[in-house]
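Observations on chain architecture
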Amino acid sequence: MEGEVMIFRRITINDKYQVMYFFRECPDYFELTEGVQPDNCDEFFYDLPPNKTINEKYLFGAFKEDTLIGVVDLVADFPEKGEWIIGLLLIHPNARGMGLGRAMHNEIKKFVKNQGGKKLRIGVMEQNVDALVFWSKIGYKQTKITEPRKFGIKESKVVVMNYYF
């Protein structure tokens, strides 16, 4: 994203239509991970891990001009205090491979550090090979692989990875 202006800001329910449009522009991700396209984006706004509240969920978007080109779903202190989980980091297909993922991750790190976080966690479905390569490249280390779970119409193991500050 060299030379281009990216705005990274919090997303609210007021951005719902932009998020839904963005999801429709990313069919490859949803086909790979769930086997179906989402018909709404409610999970992005409201889905939480066990025992977490909506006040512990932070949603961010990367915008080029007024166009949403990347989203992040982040939850504080899960599964333990000081560890933040990235529920989703998704980049528009036309913006992939240009450094946006790394730039968004840098913004996430700054935000989490300012909130007192000590490490980040991400779960990547085993078939999402490009994502596994990306997260490894920026310093995440695999900590475990889960038993298969159902996502949409697919069943997948999840590779859990951590990043330490």
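What you see is a predicted model, and the numbers here were worked out from it, not measured in a lab.

A cluster of nonpolar residues, Ile 13, Tyr 46 and Ile 54, forms a patch on the protein surface that exposes about 290 Å² of accessible area. Looking at the secondary structure, you find Ile 13 in the loop between β1 (7-10) and α1 (16-24). Of the residues examined, Ile 13 reaches a relative accessible area of 39% and is grouped as partly exposed.

Another aspect to go through is the nonpolar core. Judged by nonpolar contacts, the single largest core of 29 residues is most densely connected at Leu 74, Ile 86, Ile 108, Leu 120, Trp 135 and Tyr 140. For this core, the secondary-structure elements that each account for two or more residues are β2 (57-64), β3 (67-75), β4 (83-91), α4 (100-114), β5 (119-125), α5 (129-137) and β9 (158-164). Take this core: its biggest share by element is 5 residues, from α4. Those residues in contact with Ile 108, other than ones at most four positions away along the chain, are Phe 8, Val 72, Leu 74, Ile 86, Leu 89 and Leu 120. Of all hydrophobic cores here, the second largest spans 17 residues; its members include Val 19, Cys 26, Leu 59 and Leu 68.

The next subject is the packing of aromatic side chains. Scanning all chains against the criterion turns up 15 aromatic pairs. Relative to Tyr 140, the ring of Trp 135 lies with its centre 4.9 Å away and its plane at 75 degrees, an arrangement referred to as edge-to-face. Residue classification places Trp 135 among the buried positions, given a relative accessible area of 4%. Connected via pairs of aromatic rings, a cluster forms that spans Phe 22, Phe 23, Tyr 29, Phe 30, Phe 44, Phe 45 and Tyr 46.

Cut-offs used in this document
- Residues numbered from 1 in each chain as written.
- Predicted model: local features only at pLDDT ≥ 70, side-chain atom pairs only at ≥ 80, totals over all residues.
- Heavy atoms only, no water.
- Patch = residues over 30% accessible without salt bridge, like charges linked within 9 Å, V, L, I, M, F, W, Y side chains within 5 Å.
- Areas by Shrake-Rupley, 256 points an atom, 1.4 Å probe, with all protein chains shown as cover.
- Salt bridge = Lys/Arg side-chain N within 4 Å of Asp/Glu carboxyl O.
- Helix = DSSP H or I, 4+ residues; strand = E, 2+ residues; numbered from the N terminus.
- Buried < 20%, exposed > 50% of the residue type's maximum accessible area, 1.4 Å probe, protein only.
- Core = buried A, V, L, I, M, F, W, Y, C linked by side-chain atoms within 4.5 Å.
- Contact = heavy atoms within 4.5 Å.
- Phe/Tyr/Trp six-rings, centres within 6.5 Å; stacked < 30°, edge-to-face > 60°.

Worth remembering: the numbers are spatial, not functional.
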